[in-house]
Amino acid sequence: MGVVTAMTVDFTTCDVAMLRAARAVAARLAEAGHAVLFAGGCVRDALLGRPFKDIDVATSATPDQVEALFVGHTVAVGKAFGVVLVLRDGFSFDVATFRTDGAYVDGRHPSGVCFATPEGDAARRDFTVNGLFCDPFSGVVRDEVGGVQDLAARVIRAIGDPAARFREDHLRMLRAVRFVSVLDFTLDPATQAAVAAHAAWLARVSAERIASEMTRLLCESPRPSVGLNLLRETGLLREFLPEVQALHGTRQPPRYHPEGDVWTHTCLMLDEVPAPRDPVLAWSLLLHDIGKPVTFCREVDAAGGEPLIRFPCHAPVGAAMAEAILTRLRQPAARVEQVKAVVAGHMQGVEAEKMRPATLRRFIGNPVFPVLLEVMRADIQHSNKLFGPWLFLKAAFEAYRAEPVLPPPLVRGRDLVAWGIAPGPRMGELLRALYDAQLEGRLTTRDQARVFMATLK
């Protein structure tokens, strides 16, 4: 494709201090006589006017030469593959030698590398928009793979033979969908056909790598539905989230869900919450109705109409499924528990106005309540639009901002022991009753609590 000299990169979207440090690294390499370029995602995002958090450096210097130039400021993170981490002014930069890759034997790593030219290095990369280089100082763009043209057309296209690129690293199939969704691009037809033909390869990729890509898709996409629909159409989704695939075509009662099936409802909710989304919120939105396909049933209409669609206990069933899914994807334990709590509680808010004061305070006092409230809002917005319970909960939550929703208990177990209550199940019952009375404002002092306890024994 040759070198593009009519286009330059504008680095105004990146951190000034990071750019200064990266250029200092590039200058040191250039002063030693080595070719040096900025590479990959930073060039792509700069051309798109998107902010970016890192700058990758490609050079003709070998890893040994890089280490010799930056003695005491390197980490050999991937030296065997031509990559050395260079530390400068509080930033770290991947400095990679121009290279071509040997055969891939595990669907992820090459068996070896050969140092090469910028042309050869660009050809080994995944997608054309990620195969761009630019001069670190002038910003002049080098394009060996047609990336500038595809950026202009907003297309994600594999470099060379798509099947070969995906055979080298199976995760690239999911990355292709993530780039399409996050950048709001389209997928080149030949690349999409290769994804669909080889979707089963994704089963060989580690759960952690899959989850990382999926989380980024859910959190960063302007419209996650773009990525979700592409995952479903290419067959990737059924390979790692068959439970989510099952949302498609699961009918809902039109009276409460005029928007359509559970899949459509979920996509609308995700799209409506602006990016960037917190991971707990994003996964909660995706999985909030995950229990509906397995609890779907029809009941006879007493009025003689069509059978009624029901999803009995779909929230607790869905909570267990969400826990199993996120555990399978090797997600952090805290994230698993938080999403599980949101999925379990997203229907409880419907009865908020009927809750006892103590029950309401416990509900609002749950650490995940702000996420639950947002899921509930999006759920109502894209279903029956009956916002009464949500407005009630939002007002109640706001009312407690000046004080702890769940204040420290007036009475603890050691107090009951001092008052003559033996440890055991009864102690737990007494503590809960005392705390409920405290939350409802019936008890404000320990003396009142002791008198009240006597009525419970």
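For the structure itself, consult the block above.
Residues numbered from 1 in each chain as written. Predicted model: local features only at pLDDT ≥ 70, side-chain atom pairs only at ≥ 80, totals over all residues. Heavy atoms only, no water.

Asks: Just checking my understanding: could you explain the sheet that holds strand β4 (residues 83–88) for this structure?
Replies: Paired through their backbone hydrogen bonds, the strands of a sheet run either parallel or antiparallel. The strand order β3-β4-β5-β2-β1-β8-β9 describes an open sheet built from seven strands, whose pairing is mixed. A single partner strand is all that each edge strand has here, and the edge strands are β3 (74–78) and β9 (141–143). Strand-to-strand, the axes of this sheet are offset by a mean angle of 35 degrees, without reference to chain direction. In the sheet, strand β1 (residues 36–39) pairs with strand β8 (residues 132–134) via two bridges, with the strands oriented antiparallel. Its bridge partner being in β8, A39 is matched across the sheet by F133. Strands in contact with helix α1 (residues 16–31) are β1, β2 (56–59), β4 and β5 (91–97); relative to β5, the strand with the most contacts, it is inclined by about 35 degrees. Each of β1, β2, β8 and β9 touches helix α2 (residues 41–48); the most contacted strand, β1, lies at about 65 degrees to it. (Pairing = 2+ DSSP bridges. Helix = DSSP H or I, 4+ residues; strand = E, 2+ residues; numbered from the N terminus. Axes fitted to C-alpha atoms, helices over the stretch in contact; angles between N-to-C directions. Contact = heavy atoms within 4.5 Å.)

Asks: I tried to follow empty space enclosed by the protein on my own but got confused; where do I start?
Replies: In this approach the atoms are scanned with a rolling probe the size of a water molecule, which exposes any empty space left behind. Evaluation of the coordinates by the stated rule reveals one cavity of 30 Å³ or more. One number sums up the size of the largest cavity: a volume of about 30 Å³. In terms of lining residues, the largest cavity is bounded by P409, L410, V411, L431, L434, Y435, Q438 and A449. Here the lining of the largest cavity gets four residues from one element, more than from any other, and that element is helix α22 (residues 425–439). Within the lining of the largest cavity, the residues separate by chemical class into seven nonpolar, one polar and no charged. (1 Å grid on protein atoms, 1.4 Å probe; cavity = no way out; pocket = protein on both sides within 12 Å on 5 of 7 lines; lining within 4 Å. Points joined across faces, edges and corners; volume = space filled by probe spheres on them. Nonpolar A, V, L, I, M, F, W, Y, C, P; charged D, E, K, R; others polar.)

Asks: Mind showing me how you'd approach the environment of H382 here?
Replies: On the secondary structure map, H382 appears in the loop between α19 (369–381) and α20 (388–399). Judged by its relative accessible area of 15%, H382 is buried. Sequence separation between H382 and E351 is 31 residues, and the spatial gap between their C-alpha atoms is 19 Å. For H382, the residues in contact, after removing those within four places along its chain, are H257, E259, H265, L268, M269 and E272. (Buried < 20%, exposed > 50% of the residue type's maximum accessible area, 1.4 Å probe, protein only.)

Asks: Before we go on, may I ask you to explain the packing of α19 against α20 in this structure?
Replies: Relative orientation and spacing of two packed helices are given, respectively, by the angle between their axes and the distance between those axes. Relative to each other, α19 and α20 sit at 155 degrees, their axes nearing to 10 Å. It follows that α19 is roughly antiparallel to α20 by the angle criterion. In this structure, α19 crosses over α20, and the sense of that crossing is left-handed. Here α19 contributes F369, P370, L373, M376, R377 and I380 to the contact with α20, which in turn contributes P389, W390, L393, K394 and F397. Looking at the contact of α19 with α20 residue by residue, the classes come out as nine nonpolar, no polar and two charged. (Parallel < 35°, antiparallel > 145°, perpendicular 65-115°, else oblique. Left-handed = near helix turned anticlockwise from the far one by under 90°.)

Asks: Sorry if this is basic, but what is going on with the environment of F296 here?
Replies: Relative to the assigned elements, F296 resides in the loop between α15 (292–295) and β12 (297–299). For the pair formed by F296 and T327, sequence separation is 31 residues and the distance between their alpha carbons is 24 Å. Dropping the residues within four chain positions of it, F296 is found in contact with T250, R251, I309, R310 and F311.

Asks: Just checking my understanding: could you explain the environment of G147 for this structure?
Replies: Relative to the helices and strands, G147 resides in helix α5 (residues 147–153). Of the residues examined, G147 reaches a relative accessible area of 0% and is grouped as buried. Each C-alpha atom of the pair G147 and F133 lies 9.8 Å from the other, and the pair is 14 residues apart in sequence. Leave out the neighbours within four places in its chain, and G147 touches T128, V129 and L132.

Asks: How should I be thinking about the layout of surface pockets in this particular structure?
Replies: Estimates place the volume of the second largest pocket at around 560 Å³. Listed by contribution, the elements that provide at least two residues to the lining of the second largest pocket are β13 (308–310) and α19. In terms of residue count, the dominant contributor to the lining of the second largest pocket is α19 (three residues).

Asks: Is there a simple way to think about the pattern of salt bridges in this case?
Replies: Side chains that differ in sign of charge can pair as their charged atoms come close. Tallied over the full model, the rule gives 31 salt bridges. Across the pair D45 and R44 runs a salt bridge, and its minimum N-O distance is 3.0 Å. Accessibility classification places D45 together with R44 in one group, the buried group. The shortest N-O distance in the salt bridge between R165 and E168 comes to 2.7 Å. (Salt bridge = Lys/Arg side-chain N within 4 Å of Asp/Glu carboxyl O.)

Asks: Looking at this structure, how should I read the state of the cysteines?
Replies: What makes a disulfide is a covalent bond joining the sulfur atoms belonging to two cysteines. The full count for this structure, using the stated rule, is zero disulfides. Sulfur of C14: no disulfide; nearest cysteine sulfur belongs to C42 and is 8.4 Å away. Of the residues examined, C14 reaches a relative accessible area of 8% and is grouped as buried. Of the cysteine sulfurs around C267, a residue in no disulfide, the closest is that of C219, at 15 Å. (Disulfide = S-S within 2.5 Å.)

So, to be careful, I would describe these as geometric facts and stop short of saying anything about function.
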